[in-house]
Amino acid sequence: MALPHDGLSRDDVLTQLEHYTTDDVRWREGRAFTLAYNAGPDVVAIAEEAYRRFATENGLNTHAFPSLQRIQSEVVAAVAEWFHGGSEAAGFITSGGTESLLLTVKAARERGRKERSITTPNVVLPTSAHAAFEKGCYYFGVESRRIPVGDDWRANVAAMEAAIDDDTVLVVGSAPQYPQGVVDPIEDIAALAVARGINCHVDACMGGVTLTYLERMGHPVQPWDFRVPGVTSISVDLHKYGYSAKGAGVLVHRTKQLRAYQTFVTDNWLGGVYGSSGVLGTKSGGPWAAAWAVMHHLGDAGYERVTAAARTACLELTEAIDSMPELTIRARPDTTLLAFGATHPEQLDVFAVADALWARGWYVDRQGPPASLHCTVNAVHEGRIAEFVSDLRAAVREAGGMSGDQGAYGTVE
Ligand SMILES: *Cc1c(COP(=O)(O)O)cnc(C)c1O
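First, a word on what this report is: a plain description of the structure on this page. Here the structure is a predicted model, which is why all the values come from computation and not from measurement.

Digging into the side chain of R311
Examined against the element boundaries, R311 turns out to sit in helix 10 (residues 286-322). Despite its burial, R311 pairs with no opposite charge, the nearest such side chain being D334 at 6.4 Å. Contacts of R311, omitting those with residues within four sequence positions, involve L214, R332, P333, D334, T335 and T336.

Examining the pairing of strand 1 (residues 90-94)
In terms of residue burial, strand 1 counts as a mostly covered element, since 5 of its 5 residues are buried. Residues of strand 1 alternate between two faces, with A90, F92 and T94 on one and G91 and I93 on the opposite face, all of them buried.

Considering the side chain of E99
Tracing the backbone shows E99 in helix 4 (residues 97-116). The side chain of E99 is buried and forms no salt bridge, while K283, the nearest opposite charge, is found at 5.7 Å. Other than its neighbours up to four places away in sequence, E99 contacts T94, G278, V279 and L280.

Comments concerning helix 8 (residues 208-216)
Within helix 8, 7 of the 9 residues are buried, which leaves it mostly tucked inside the rest of the structure. Considered for burial, the residues of helix 8 that qualify are G208, V209, T210, L211, T212, Y213 and L214. Buried residues along helix 8 sit against helix 3 (66-82), strand 6 (233-237) and helix 10. Just beyond helix 8, the residue with positive phi is G218, at close to 95°.

A look at the nonpolar core
Within the largest apolar cluster, 67 residues are counted, with the highest numbers of intra-cluster contacts made by Y243 and Y303. With 12 residues, the top contributor of residues to this core is helix 10. Two domains each provide a minimum of three residues to this core, namely domain 1 (48-295) and domain 2 (299-399). Once you skip the residues sitting within four places of it in the chain, Y303 turns out to touch W82, V209, Y213, Y241, G242, Y243, V294, M295 and L298. If you look at the next biggest cluster of nonpolar residues, it comprises 32 residues, including C314, A354, W362 and V377.

What to know about the pattern of salt bridges
Here the structure, examined in full by the defined rule, presents 21 salt bridges. Here E48 ties to R28 by a salt bridge, and the two come within 3.2 Å at their closest N and O atoms. Pair noted here: E48 is in helix 2 (residues 41-54) and R28 is in the loop between helix 1 (10-20) and helix 2, with a separation of 20 residues, a long-range link. Assessed through its relative accessible area of 40%, E48 is described here as partly exposed. Two residues, R360 and D391, come together in a salt bridge whose shortest N-O distance is 3.9 Å. Within this pair, whereas R360 is found in the loop between helix 11 (350-359) and strand 12 (365-367), its partner D391 is found in helix 12 (residues 385-399), the two being separated by 31 residues in sequence.

Some words on the sheet that holds strand 10 (residues 327-329)
Taken in spatial order, the 4 strands line up as 10-11-13-12 in an open sheet, and their pairing is antiparallel. Of all strands in the sheet, those with a lone pairing partner are strand 10 and strand 12, marking the two edges. Neighbour to neighbour, the strand axes of the sheet diverge by 35° on average, direction disregarded. Pairing of strand 11 (residues 337-342) with strand 13 (residues 372-376), which is carried by 4 bridges, proceeds in the antiparallel orientation. Paired with L337 across the two strands is T376, which belongs to strand 13. Along the sheet, helix 11 makes contact with strand 10, strand 11, strand 12 and strand 13, crossing strand 13 at roughly 45°.

Thoughts on helix 5 (residues 131-140)
Considered for burial, the residues of helix 5 that qualify are A132, F133, G136 and C137. End-on, the buried residues of helix 5 take up no more than an arc of 145°, which puts them together on one face. Exposed residues on helix 5 whose side chains face more than 90 degrees from its buried face are A131 and Y138. On its buried side, helix 5 packs onto helix 4, strand 2 (122-126), strand 3 (143-147), strand 4 (168-174) and strand 5 (199-203).

Quick word on the pairing of strand 6
Within strand 6, 5 of the 5 residues are buried, which leaves the element mostly enclosed by the surrounding structure. Side chains S233, S235 and D237 project from strand 6 onto one buried face, and the interleaved I234 and V236 project onto a second face that is buried too. Of the pairings in the sheet, the one linking strand 5 to strand 6 comprises 3 bridges and is parallel in character. Counterpart to H201 in the pairing with strand 6 is S233. A crossover links strand 5 with its parallel partner strand 6, the connecting element being helix 8, and its sense is right-handed. As judged from the 5 bridges shared by strand 6 and strand 7 (residues 249-253), these two strands associate in the antiparallel manner. Paired with V236 across the two strands is V250, which belongs to strand 7.

Conventions and cut-offs
- Here the residue numbers are simple positions, counted from 1 along each chain's written sequence.
- Reporting in this predicted model follows two pLDDT cut-offs: at least 70 for local features of residues, and 80 or more for side-chain atom pairs to be given and counted; totals over whole chains, interfaces and linings ignore these cut-offs and use all residues.
- Note that the side-chain values use all heavy atoms of the structure and ignore hydrogens as well as water.
- The helix count covers DSSP runs of H or I at least four residues long, the strand count covers runs of E at least two residues long, and both are numbered beginning at the N terminus.
- Remark: exposure states derive from per-residue accessible area (1.4 Å probe, protein chains only) relative to the maximum for the residue type, with buried under 20%, exposed over 50%, and partly exposed in between.
- Under this rule, positive means Lys or Arg and negative means Asp or Glu; His and the chain ends count for nothing.
- By definition here, a salt bridge exists when the distance from a side-chain nitrogen of Lys or Arg to a carboxyl oxygen of Asp or Glu is within 4 Å.
- Contacts were defined at the residue level, with two residues in contact if any of their heavy atoms lie within 4.5 Å.
- In this description, a nonpolar core means a group of buried Ala, Val, Leu, Ile, Met, Phe, Trp, Tyr and Cys residues linked to one another through side-chain atoms lying within 4.5 Å.
- Delimitation of the domains relies on an automatic or database domain assignment.
- A pair of strands counts as paired when DSSP detects no fewer than two bridges linking them.
- Every axis in this analysis is a line fitted to C-alpha atoms, fitted for helices over the stretch in contact. Angles between the N-to-C directions lie between 0 and 180 degrees.
- To obtain the arc, one takes the directions from the helix axis to the C-beta atoms.
- With the strands aimed away from the viewer, a crossover counts as right-handed if its path from the first strand over the helix to the second runs clockwise.

These values are about where atoms sit, not about what they do.
Right, here's the structure in full:
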């Protein structure tokens with residue numbers, strides 16, 4: 001496609017881009033139960049404004065931008081405080097969960113190589129752990145040993161233990177895991193790591209913020225953070241339940257020494273010493289500033305409010321689905337993620353239900369095995385569950401006898 005010879009005006013450009021969004025899911029109105037998170041128009045506006053101010057600032061070199069160094073260290077310190085990291089904890093902002101998990105695998109591989117001369121490393125992790133671990137293992141030449149979860153969808157720790165050998169560099173638990181929304185038995189998984197002096201990562205990309213504030217509000221939360229001995233690193237996505245703009249996660253390590261395995265430095269080229277904390281080179285200051293802005297705007301009280309809103313909406317949705325005989329909840333949600341399937345899969349195809357929901361403007365995730373729909377409930381859904389449930393009932397009626405397509409959580413086009 002050729003560009004216009006004479007550039008379009010600012011107004012024309014923005015109008016055309018806006019036109020492109022016509023068929024996008026209307027997440028600002030709470031129609032997305034995945035991919036977008038929304039704590040209200042004020043929070044969105046602050047994130048967008050801070051993002052715009054720092055969009056062209058470059059986090060590759062914080063000597064040139066002390067502002068970004070300060071923003072990064074304050075964001076990481078706030079996250080370390082959430083997770084009871086102690087004074088030794090150290091981390092970096094990443095571009096999100098995938099980069100955090102890639103670096104987790106890379107750091108474990110480096111530690112195994114340096115401390116135990118391991119040349120054929122493996123990772124032991126439940127089948128519920130995020131797909132990005134698979135990507136990391138593939139990128140970095142590490143074997144992925146996936147262990148089936150138990151009947152309650154939680155990690156089967158005895159089976160994980162049996163899969164560990166002298167080449168294991170990392171064990172993984174999630175808080176919560178994405179597919180069914182349950183928290184793995186982190187204490188037991190971390191104990192496997194303590195006994196062997198290997199890394200244990202807790203993937204709290206989804207639940208890090210929610211679990212922190214649920215606990216502070218007095219809800220029962222099983223131990224999952226740095227208070228658990230043996231947990232060596234934790235990831236959280238600020239662009240999920242941190243309610244910031246896309247492109248911001250944090251990977252925190254228990255110590256600076258463990259963090260050292262994450263970074264990369266070379267002078268083996270003609271450009272001088274080149275160091276980077278993560279996968280990217282040039283990185284926009286936009287997501288960092290947006291995260292700092294939203295975190296400071298919401299504060300602890302704001303996060304308690306939006307966490308409570310999301311949790312209440314999730315429980316309301318859980319009860320409504322539980323009362324529908326055609327549908328079966330996979331597990332009672334530990335945070336704000338919910339999965340459900342057809343009670344009689346031979347009579348009802350849940351992917352056809354998802355098609356009927358999308359025809360009504362609602363976007364839910366499709367997953368399997370087993371064939372299920374998945375809702376990431378967040379603050380925007382407060383007060384909107386009743387309307388969704390009424391459309392879900394209609395979608396179930398409409399889908400009887402139809403078949404749908406599983407689609408994909410991520411795409412390659
Ligand atoms: C979203 C998610 C990831 C991946 O994060 P991205 O920001 O999509 O790269 C990893 N783990 C869990 C549990 C997640 O929910």
